[in-house]
2 protein chains.
Amino acid sequence: MDTRCINFGAGPSALPPSVLEETCKGLLNFEGTGMGIAEISHRSKEFAALLAKLEANIRTQLQVPPTHAILFMQGGGTGQLSSIVLNMLARHRLLHPDLGDHERAMDYVVTGAWSKKAVAEAQRLGGGVVHIAVDARLYSKDSKSFDNIPTHDSYNFSPDPALIFYCENETIDGVQFSYDDASPVSFPFHLLKKDALLPLVADYSSSFMSRPIPHLADHAIIFAGAQKNIGPAGLTIAIVRQDCIVDVDAAAKLGAASVPITMAYKTIFDEASLHNTPPVIPLYVASLVLQRMADQGGLKHYEEVNKRKAEKLYAAIERPRAPEARSWMNVVFDVLGEGAEARFIEGAAAQNLKTIKGHRSVGGIRISLYNAVTEEETDQLVAYMEEFIASAEPAAIKV
Amino acid sequence: MDTRCINFGAGPSALPPSVLEETCKGLLNFEGTGMGIAEISHRSKEFAALLAKLEANIRTQLQVPPTHAILFMQGGGTGQLSSIVLNMLARHRLLHPDLGDHERAMDYVVTGAWSKKAVAEAQRLGGGVVHIAVDARLYSKDSKSFDNIPTHDSYNFSPDPALIFYCENETIDGVQFSYDDASPVSFPFHLLKKDALLPLVADYSSSFMSRPIPHLADHAIIFAGAQKNIGPAGLTIAIVRQDCIVDVDAAAKLGAASVPITMAYKTIFDEASLHNTPPVIPLYVASLVLQRMADQGGLKHYEEVNKRKAEKLYAAIERPRAPEARSWMNVVFDVLGEGAEARFIEGAAAQNLKTIKGHRSVGGIRISLYNAVTEEETDQLVAYMEEFIASAEPAAIKV
């Protein structure tokens, strides 16, 4: 443990050391059962209690209303990019059996690499027409970068789409919707029909459990891979409103695409996330992380700490991006000057500050400030950055 | 560790204690990186080395030829029940674009609960016609039980099916194909076309890495969930012949069903099992288990030990089932006599012998003898059974 580094990785990312130590105990002997958590039956009463507690901890802290189920799945956020299309098109088919595929719009809000990937999957799967409600690149400095969240007047939604998709935080590009309704870069909930069960789908993979989810109850589906804030890779959480847990087989009889059984929310819901053997270790670690969150004051506490961490880090950057659209979770910036980026990374490593290289597709520096990164660790990084800026004449740190 | 029980669970099931201890080290600090295995980037060179070594250890021990890729996926065996249908129907579509769906046969060999489940998923998904090549229930004592593997003359294959499915070991029912070609209850490879690339798909979930796979090279796909012999739940291994890694999007343009991107073998293959974040802990544990296997003499050693374990256990049962079709991995039997089963389970628990209850759908006793169950542990169970039979007058132990 002593030689652990400070890990600013974008995911898989840091986990709390106390949780890892507890996990080790559970791997050898889970709650006195004589078996490790990976060895116990997923149908045992002990495992059922674990699942129930994990669900309750998510439900309480995020204030998930009883209208919404919490499902545990596999396949990551990428798997959900398919599940949401298949299930929401099935729902639309059941509601409007007589429409042709070309009349089933799927509205996508495109603000970065992940929402772009979501569009590609919807186009691959077919069964409806992808409609780009807004593309942030049109509002960028160079007309091709994901460097902003568009303001409310930029959106153009379809009248009755099968789904409306957005990605709340773009991990690669470092942009995030404001969670303050009054901000011009919040998600434009007010533009959507107020009287309907909105088919609103949000990818929360990289910001889940980092702060409250605004208008959670208005969402059809909120999903997240675990490997940012709450656990190891291999677990996916989906919060699904009951009316979106549809009989996909009935929809298929009406002409919708068949849905692989592990991707049908109804299967997962009907069998309480135990249709087949779940990813037991990731679930265990997530249960420990969520319990630790609760013990430390819950989401409110994390919201405050995460806000401070992001503010401190952005304050250390000389030319910050538009303040309201910048991500709390993934701080992306450049170190200007010949060879300066490499020197920056090297100097950080010498201080045990690791995994700060930007995503291979965009380069630069990326600092991820997920829940397990402490305020003290953030302070250490900020101190290093200030030191670097002061010492390295030609370099400027810029978002 | 001291208080660990002897775990005969059917999956999730026992893991070697030395592997669990090593896993704990890696969870805190993986190979001196300063990060735990769940925290390190899946695109790091350290993780790439882990994956490569895991693949090599599977390839060498199972003698997987270069014609076959080894893919790491999520979703379990249940996810593969969909993947095989979608990918193999896409392949059939590319080979025979002009056939109608009703001309695309999918041959299923039904020998137990899992192959029955496979049939149900193929029927759900559609795009072809499910043809039952044989149903073991027709050859059972009571015409409705999965208590046998049919003999070779019982099979009826379609002329050019899109896939031929069998489940090598039925975990719930305790029947397994013999791996001796000369046995009447081996899989009838000799009945299949010799000159073709067979569309032969095998579910090896509960026997993978327990003994060699006969005619491995003749298979299109062999898949297995990790949680029996090689690791924790959440990892799925698929061995796929290159001609079955098809362009599913091209097939979709010809009318095949669209394939969710995480279920397309081509995506997984093209991106070396890193299309999206893989289940890093299950992969890590599997890599340790496979390395331990290699260190202990490889698959040959396990084959010998597993054979002895099964023989000893079956010898302790008074009325064994047809010897050749009984499973090495899951030994299913009844304890006859009023209240005897409960007494048997209780007495076993008193000797720290746990998780021996049969599957909720069939009842009785089930002893799973996966790789991590040692010969000594099997001996302890056998000694207990002999003691129980000797002491409990009215009880007989019967398969």
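Residues numbered from 1 in each chain as written. Chains lettered and ligands numbered in written order. Predicted model: local features only at pLDDT ≥ 70, side-chain atom pairs only at ≥ 80, totals over all residues. Heavy atoms only, no water.

So, the overall build of chain A
Inference 1: The secondary structure content of chain A amounts to ten helices and 14 strands.
Inference 2: For chain A, whose C-alpha radius of gyration is 22 Å, the value lies close to the compact-globule estimate of 21 Å for 399 residues.
Inference 3: Its C-alpha atoms give chain A principal-axis dimensions of about 70 × 60 × 35 Å.
Inference 4: Taking all 399 residues of chain A together, 64% fall into the buried category.
Inference 5: Look at the contacts in chain A between residues 6 or more apart in sequence, and 70% of them connect residues 24 or more apart.
Inference 6: With the model as given, the accessible surface of chain A reaches about 14,400 Å², and the carbon-plus-sulfur share is 53%.
Inference 7: Charged side chains of chain A number 37 positive and 47 negative; the gap between the two group centres comes to 2 Å. (Helix = DSSP H or I, 4+ residues; strand = E, 2+ residues; numbered from the N terminus. Rg over C-alpha atoms; globule rule 2.2 N^0.38 Å. Buried < 20%, exposed > 50% of the residue type's maximum accessible area, 1.4 Å probe, protein only. Contact = heavy atoms within 4.5 Å. Areas by Shrake-Rupley, 256 points an atom, 1.4 Å probe, with all protein chains shown as cover. Lys, Arg positive; Asp, Glu negative; His and termini not counted. Charge placed at Lys NZ, Arg CZ, Asp CG, Glu CD.)

Quick word on the confidence of the model for chain A
Inference 1: Of the residues in chain A, 97% reach a pLDDT of 70 or more, and the chain-wide mean stands at 95.
Inference 2: Overall fold confidence (pTM) sits at 0.97, and the ipTM for the predicted complex is 0.96. (pLDDT = per-residue confidence, 0-100.)

Focus on the relation of the copies chain B and chain A
Inference 1: Structural alignment of chain B on chain A gives an RMSD of 0.0 Å, achieved by rotating through 180 degrees and translating 0.0 Å along the axis. The superposition of one copy onto the other is thereby described by a two-fold rotation axis. The C-alpha atom lying nearest the rotation axis in chain B is that of C24(B); the distance is 2.6 Å.
Inference 2: A share of 100% of the interface residues of chain B reappears at the interface of chain A, consistent with the copies meeting face to face through the same patch. (Least-squares fit on C-alpha atoms with pLDDT ≥ 70 in both.)

Regarding the sheet that holds strand β2 (residues 68-73) of chain B
Residue and element names in this part refer to chain B.
Inference 1: Spatially, β2-β10-β9-β8-β5-β3-β4 is the arrangement adopted by the seven strands of the open sheet, whose pairing is mixed. Of all the strands in the sheet, just β2 and β4 (129-135) have a single pairing partner and so form its edges. Sheet twist, expressed as the average angle between the axes of neighbouring strands with direction ignored, equals 20 degrees.
Inference 2: Pairing geometry for strand β9 (residues 221-225) and strand β10 (residues 236-241), over five bridges, is antiparallel. Paired with A224 across the strands is I237, a residue of β10.
Inference 3: On the sheet, helix α2 (residues 45-62) packs against β2 and β10 and is oriented at approximately 130 degrees with respect to β2. (Pairing = 2+ DSSP bridges. Axes fitted to C-alpha atoms, helices over the stretch in contact; angles between N-to-C directions.)

Regarding the side chain of R4(B)
Inference 1: Mapped onto the fold, R4(B) is located in the segment before β1 (6-7).
Inference 2: Polar side-chain contacts of R4(B) include one of 2.8 Å to the backbone oxygen of L28(A).
Inference 3: Here the side chain of R4(B) touches E39(A) through a polar contact of 2.8 Å, side chain to side chain.
Inference 4: Dropping the residues within four chain positions of it, R4(B) is found in contact with L27(A), L28(A), N29(A), G34(A), G36(A), E39(A), L15(B), P17(B), L20(B) and N352(B). (Polar contact = N/O pair within 3.5 Å; in protein donor to acceptor, adjacent residues only side chain to side chain.)

Re the interface of chain B and chain A
Inference 1: Facing the 60 residues of chain B at the interface are 60 residues of chain A.
Inference 2: For the pair chain B and chain A, the two sides together bury roughly 4,800 Å², of which 58% comes from carbon and sulfur.
Inference 3: For the chain B face of the interface with chain A, the top three residues by lost area are L28(B), E39(B) and R124(B), together amounting to 14%.
Inference 4: Between chain B and chain A we count four salt bridges in total. (Buried area = accessible area lost by both parts, 1.4 Å probe. Salt bridge = Lys/Arg side-chain N within 4 Å of Asp/Glu carboxyl O.)

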